[in-house]
2 protein chains.
Amino acid sequence: MATGRNHRPATRSRGIPEATVARLPLYLRALTALSERSVPTVSSEELAAAAGVNSAKLRKDFSYLGSYGTRGVGYDVEYLVYQISRELGLTQDWPVVIVGIGNLGAALANYGGFASRGFRVASLIDADPAMTGKPVAGIEVRHSDELERIVDDNGVSIGVIATPAGAAQQVCDRLVAAGVTSILNFAPTVLSVPEGVDVRKVDLSIELQILAFHEQRKAGELEGVDAEPPGADTGTPVAPPAVSVTRRDPGRADGKSGDTEAGPDGDFPAVMPA
Amino acid sequence: MATGRNHRPATRSRGIPEATVARLPLYLRALTALSERSVPTVSSEELAAAAGVNSAKLRKDFSYLGSYGTRGVGYDVEYLVYQISRELGLTQDWPVVIVGIGNLGAALANYGGFASRGFRVASLIDADPAMTGKPVAGIEVRHSDELERIVDDNGVSIGVIATPAGAAQQVCDRLVAAGVTSILNFAPTVLSVPEGVDVRKVDLSIELQILAFHEQRKAGELEGVDAEPPGADTGTPVAPPAVSVTRRDPGRADGKSGDTEAGPDGDFPAVMPA
DNA sequence: ATGCCTTTGTGAAAGCGTGCACAAAGATGG
DNA sequence: CCATCTTTGTGCACGCTTTCACAAAGGCAT
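What comes next is a walk through the structure. Everything quoted here is computed from the prediction, not taken from an experiment.

Before going further, it helps to examine the environment of Pro 188 of chain A. Looking at the element boundaries, Pro 188 of chain A is found in the loop between strand S9 (182–185) and strand S10 (198–201). Remark: the alpha-carbon pair of Pro 188 of chain A and Ile 206 of chain A, spanning 18 residues in sequence, is separated by 9.4 Å.

This is the structure we're talking about:
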C-alpha cells in the first residue's frame with residue numbers, strides 16, 4: 001500500500017483521518033468522470049460503487065469535510081469536486097521535480113497530464129552528465145549539481161525520487177536540505193528524513209510479492225500442494241537449502257542472480273529490486 | 001496506498017494478517033541486503049530499523065510465521081530469507097504478462113531485475129498493431145488478439161495492466177476469462193472482478209494528491225493562509241467558482257484542461273489522470 | 001398542506017492494528 | 001553448574017477504521 005512514514009498520530013491534520021484522506025483522490029476521480037458526463041448529482045450509493053468503496057464509509061468520509069449533501073437527493077457533483085479539490089490542496093499549483101531520469105523517470109516526465117491536476121513538472125534532474133541538456137518530454141534534463149538552485153528558484157516543495165536505490169538517500173538529503181518537504185519515493189529503500197518531512201513510497205516489487213502470496217494461497221487451498229502444515233514445527237532451525245529453490249524456469253542460468261543495486265539491470269531502479 | 005479489493009475478512013489466509021503480509025517484502029529486502037553482506041544473524045531491533053518499522057511489530061509479524069528466532073541471539077538471516085520467500089511464494093516461478101506497452105509498460109519490461117525474484121515476464125502485449133513484433137527489452141511485443149493463447153500457453157496467473165483507463169476493464173475481463181487470478185492495475189480505474197480474483201492498484205496520482213494534502217496542511221499551520229475555518233458552514237451549497245482556481249502559474253493557458261482518457265497526453269495512462 | 005419516500009449524517013459497536021512491557025528462553029562467562 | 005545478560009515471543013490495552021442501523025431532513029406528489 002505504499003505507505004509513508006508513520007511516526008505521527010496517524011490522525012493528525014485537523015480531524016480528517018488519514019484513511020479518509022487516502023480515499024479522497026478516489027472520490028475525486030469518480031466525481032470528475034461524472035462531471036465530464038454532465039451528471040448534476042449523485043447519491044452516496046452510486047458514487048461509492050464508482051469509487052469501489054462502501055457507501056457508509058463514503059458518507060462518513062464526506063462528513064469529515066462538512067455537510068455537502070442534500071438528503072433525499074444526494075451530492076452536487078460540481079460542488080463536491082470543488083470541495084475535495086480544495087481540501088486536497090489541488091486548487092493551487094505544485095511545482096514538482098523528478099530526480100533520476102531513467103526509464104521510469106522518463107515515463108513519468110512524458111506523462112503530459114502531469115499538469116492537469118495542480119502538479120507541474122518544474123524540472124527533470126539526473127546525475128549522468130550524458131543526460132544533461134537532453135530533452136525529455138520537452139523539458140531539458142539538468143544536472144544534479146543544480147538541484148539546490150532549481151528547488152529554490154521554483155519554490156519546489158514536492159520531489160519525486162526515481163533514482164537507483166544507492167543514490168536515493170543522498171538525493172533525499174539534498175532535496176530536504178534545499179527545502180523540499182514532501183517526497184514520493186520510487187527507489188526501493190527506506191528513506192530517513194527529519195521530522196516534518198513526508199515520504200510516500202511506491203513499490204511494484206512489494207505489490208507483486210503480495211499478489212504472489214495470495215496466488216500461492218489460492219493454489220494451495222485447492223490441493224494440498226507444497227502446503228506444509230502450518231503448525232509443523234521443524235524443530236531445530238535447519239539451514240535452508242539455498243537462497244532460492246524450486247525455480248522451475250530452466251533457462252536464465254547466467255550468473256546474475258544477486259541483483260546488487262546499480263547492477264546491470266537497466267536503469268529501472270524503482271521496481272522489483274526486492 | 002494501492003490497496004486491492006477488500007471484500008474479504010482482511011485476515012483471511014490462515015491467520016496471517018494482511019498488514020503483516022504487506023510488510024514481509026520489506027523485511028525480505030532488508031534481509032537480502034544483510035545476506036549479501038554475509039551477516040549471519042540479526043536482532044529484531046536492527047532488522048526493524050533497516051526495514052523502517054517498530055521492532056515489536058516486526059517480532060509480532062514473525063510470530064505469525066512461526067518461532068524462527070533464537071532468544072538472546074536474534075534471527076538467522078539465511079533461514080529467515082528462506083522462510084519469508086517461501087511464505088510469499090517466491091520460491092516458485094511466476095510467469096507474468098504485461099498488457100499495454102506504452103511508456104510505463106516499456107519501463108516495466110526494461111527492468112531486467114524482473115526475473116530476479118521469482119517473476120518472469122512471459123510476454124508483452126499491446127493492442128496497437130504498430131507495436132506488434134517490435135522488440136521491447138528483448139521481448140517481442142505481441143498483439144492483444146493473442147492474449148488468451150499467451151495466458152493459457154504459459155500458465156500465467158498474474159497480469160499487469162498498464163493500458164489507458166478506457167481499456168483496462170476490458171483487458172481485465174479477458175485476462176480473468178483466460179485464467180489470470182491476480183492483477184496489478186496501473187490504470188486509474190476501479191476494476192470489477194469476480195470473486196476469487198485479487199486486484200492491487202498502483203496509482204501515482206493518488207500518492208501525489210495525498211502528499212499535496214499534507215503539504216497544504218503544513219503550509220497552513222504556519223500562517224493562516226487560505227485556511228478557511230473548518231467548521232464554517234457556507235450555508236446553502238453555492239456553486240464553485242470554477243473547476244480549478246487559484247493556480248498561481250501564469251503560463252500554460254492552453255485549452256487542454258480536462259484530460260479525458262485516451263487524450264493527448266502521451267501514453268502514460270497509469271499515472272496522474274485523477 | 002400533508003404524507004410518503006429517498007437519502008444523508010452519525011451514534012454506537014465490532015474489528016484490526018499497533019506498541020508497551022514483561023516473562024520465558026537461551027547464550028555466555030566464570 | 002549457576003548467575004547474568006540479551007533478546008525473543010506475546011498478553012494486554014489503546015486508538016483508529018469500518019460497518020450497522022436509524023433518526024432527521026428534504027423533496028415530491030397528491
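There's plenty left to go through after this.
Let's shift gears to the packing of helix H1 (residues 18–36) of chain A against helix H3 (residues 55–65) of chain A. Residue and element names in this part refer to chain A. Running from amino to carboxyl end, H1 crosses H3 at an angle of 105°, the nearest separation of the two axes being 10 Å. Regarding the angle of H1 to H3, the classification is roughly perpendicular. Only Lys 57, Leu 58, Asp 61, Phe 62, Tyr 64 and Leu 65 of H3 make contact with H1, whose side of the interface consists of Thr 20, Arg 23, Leu 24 and Tyr 27. The residue inventory of the contact of H1 with H3, partitioned by class, reads six nonpolar, one polar and three charged.

This part is about the side chain of Arg 86 of chain B. Here Arg 86 of chain B lies in helix H4 (residues 77–88). A polar side-chain atom of Arg 86 of chain B sits 2.7 Å from a polar atom in the side chain of Gln 83 of chain B.

This part covers the protein's contact with DNA strand D. Close contacts around DNA strand D come from 25 residues, with Arg 23 and Arg 71 of chain A together with Ser 44, Arg 59 and Tyr 75 of chain B the closest. Of all atoms in DNA strand D that approach within 4 Å of the protein, 68% are sugar or phosphate atoms. Within the side chain of Arg 23 of chain A, one N or O atom sits 2.8 Å away from a phosphate oxygen of DNA strand D. Measuring from a base oxygen of DNA strand D, one finds a side-chain N or O atom of Lys 60 of chain A at 3.4 Å.

Rules behind the numbers
Residues numbered from 1 in each chain as written. Chains lettered and ligands numbered in written order. Predicted model: local features only at pLDDT ≥ 70, side-chain atom pairs only at ≥ 80, totals over all residues. Heavy atoms only, no water. Helix = DSSP H or I, 4+ residues; strand = E, 2+ residues; numbered from the N terminus. Axes fitted to C-alpha atoms, helices over the stretch in contact; angles between N-to-C directions. Parallel < 35°, antiparallel > 145°, perpendicular 65-115°, else oblique. Contact = heavy atoms within 4.5 Å. Nonpolar A, V, L, I, M, F, W, Y, C, P; charged D, E, K, R; others polar. Polar contact = N/O pair within 3.5 Å; in protein donor to acceptor, adjacent residues only side chain to side chain. Near = heavy atom within 4 Å.

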